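Fold and geometry: a report
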Amino acid sequence: MSLAVTLASTSKSRRAILAAAGVVAESAAPNVDEEAFRNSMRANQLPVREQAMQLAELKAMRISAKRPGLVIGGDQMLALGDQAFDKPADLEAAKNHLRQLSGKSHTLETAIVICEDGAPVWRHLARPKLTIRPLTEEFIDSYVSACGEALLSTVGAYQLEGPGAQLFTRIEGDYFSILGLPLLPLLDYLRIRKVLPT
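Throughout what follows, the structure given in this document is the object of discussion.

Each value, and the rule that gives it
Residues numbered from 1 in each chain as written. Predicted model: local features only at pLDDT ≥ 70, side-chain atom pairs only at ≥ 80, totals over all residues. Heavy atoms only, no water. Helix = DSSP H or I, 4+ residues; strand = E, 2+ residues; numbered from the N terminus. Expected span 1.5 Å × (residues − 1). Buried < 20%, exposed > 50% of the residue type's maximum accessible area, 1.4 Å probe, protein only. Core = buried A, V, L, I, M, F, W, Y, C linked by side-chain atoms within 4.5 Å. Contact = heavy atoms within 4.5 Å. Salt bridge = Lys/Arg side-chain N within 4 Å of Asp/Glu carboxyl O.

**Observations concerning helix α3 (residues 48-64)**
Compared with an ideal rise of 1.5 Å per residue, which puts 17 residues at 24 Å, α3 spans 24 Å between its outermost C-alpha atoms and is within 8% of the ideal. Of all the positions in α3, only V48, Q51, A52, M53, L55, A56, E57, K59, A60, I63 and S64 are classed as buried.

**Details of the nonpolar core**
Nonpolar side chains tend toward joint burial in soluble globular proteins. In this structure, L78, L98, Y143, Y158 and L167 are the most contacted members of the largest nonpolar core, which totals 23 residues. Residue assignment for this core shows that the elements contributing at least two residues are β3 (70-80), α4 (91-101), β7 (129-132) and α5 (137-147). Filtering out sequence-adjacent residues up to four positions away, L78 remains in contact with V48, Q83, A84, F85, L101, H106, T107, L108, V155, G156 and Y158. Counting 19 residues, the second largest nonpolar core, distinct from the first, contains L18, I112, Y189 and V195.

**Looking at the pattern of salt bridges**
Counting across every chain of the model gives 14 salt bridges. With its nearest N and O atoms 2.9 Å apart, the salt bridge here joins R193 to E116. In this pair, R193 sits in the segment after α7 (183-192) while E116 sits in strand β5 (residues 105-116), placing the two residues 77 residues apart along the sequence. Bridged by salt links that share partners, the residues E34, R38, R42, K59, D75 and D86 form one connected network.

Here you go:
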């Protein structure tokens, strides 16, 4: 019998990526106070990539303690140098993110952890690097107005799969990792565990 797979997330994007790839997975909300956990890690000056990895692990472990099978936890943080960006709280914050990222390169620290029986069994960190062209205030205003509250669901206030593609001059890294789930290494692991055919 194949192992059950659970996604420790209610992220529509991650669920859609898995489903499109043919991975049957239930979703479960990990009910983690992400803001408090992030604040604690930042108070301890953990590197942004380590923050993403620890939060992904916490989500997976929370669900894995209650469910059998493999539990996938993921987290993504935007790093501009040593500064971490979270999802913008409102449209004004989204504009502010874009102003700060304008004309610069940043990294998306995209962590994924799989837990089984309440313990981590596999980890992966993808680090796509994206360069945003210099943006005018006029463009930022029109872009945020056109995209609206959809921008609040993404770190960096952009959606690469939509008009957000207009923001960039260079992208290094795979598309799925930028969307928040390093799919190809995950599929490799699921094949090793006989969840998917080889």
